[in-house]
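# Report on the structure
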Amino acid sequence: MAVSKEQVESTLKSKLNPSHLDVIDTSGGCGASYSIEIVSQEFEGKRLLERHRLVNAALAEEMKHIHALSITKAVTPDQWKEQEARKSQQDA
């Protein structure tokens, strides 16, 4: 059973309440591989490995059907603001 992008988004939204979420199906549409960028207050005070574990735990059911999951960003809202500010300064 394939997992849709919408299922992944819905699960992460309900369990981690992200202020920013970008889910990309990198499997060509079959739902076997995803890339995720997520910003959540739930990550506050947690190291990167703990953040990745939170994402994987939130997607426990979906992971039974997903072959590969790449978490490209798992940051707090403050870290996200800093990164976006730096990106804006570099673009200017």
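Higher on the page you've got the structure.
Overview of the structure. No experiment lies behind these values; they were computed from the predicted model shown. (Residues numbered from 1 in each chain as written. Predicted model: local features only at pLDDT ≥ 70, side-chain atom pairs only at ≥ 80, totals over all residues. Heavy atoms only, no water.)

## Topic: the environment of Ala85
Considering the arrangement of structural elements, one finds Ala85 in helix H4 (residues 77–91). Along the sequence, Ala85 and Lys46 sit 39 residues apart, while their C-alpha atoms lie 22 Å from each other. (Helix = DSSP H or I, 4+ residues; strand = E, 2+ residues; numbered from the N terminus.)

## Details of the side chain of Glu37
On the secondary structure map, Glu37 appears in strand S2 (residues 33–39). It turns out Glu37 is buried and unbridged, and the closest side chain with the opposite charge, Lys73, is 4.3 Å from it. Looking at Glu37, its side chain comes within polar contact range of the side chain of His20, at 2.9 Å. Not counting residues within four places of it along the chain, the set of residues in contact with Glu37 comprises His20, Leu21, Asp22, Thr72, Lys73 and Trp80. (Buried < 20%, exposed > 50% of the residue type's maximum accessible area, 1.4 Å probe, protein only. Lys, Arg positive; Asp, Glu negative; His and termini not counted. Salt bridge = Lys/Arg side-chain N within 4 Å of Asp/Glu carboxyl O. Polar contact = N/O pair within 3.5 Å; in protein donor to acceptor, adjacent residues only side chain to side chain. Contact = heavy atoms within 4.5 Å.)

## Focus on the packing of helix H1 (residues 5–16) against helix H2 (residues 48–58)
Two elements in contact, H1 and H2, have axes whose closest approach is 9 Å; the angle formed by their N-to-C orientations is 120°. Taken together, H1 and H2 sit at an angle that is classed as oblique. With respect to the hand of their crossing, H1 and H2 are arranged in right-handed fashion. Residues Thr11, Leu12, Lys15 and Leu16 of H1 form the contact with H2, whose participating residues are Leu54, Val55 and Ala58. Its residues placed into classes, the contact of H1 with H2 shows 5 nonpolar, 1 polar and 1 charged. (Axes fitted to C-alpha atoms, helices over the stretch in contact; angles between N-to-C directions. Parallel < 35°, antiparallel > 145°, perpendicular 65-115°, else oblique. Left-handed = near helix turned anticlockwise from the far one by under 90°. Nonpolar A, V, L, I, M, F, W, Y, C, P; charged D, E, K, R; others polar.)

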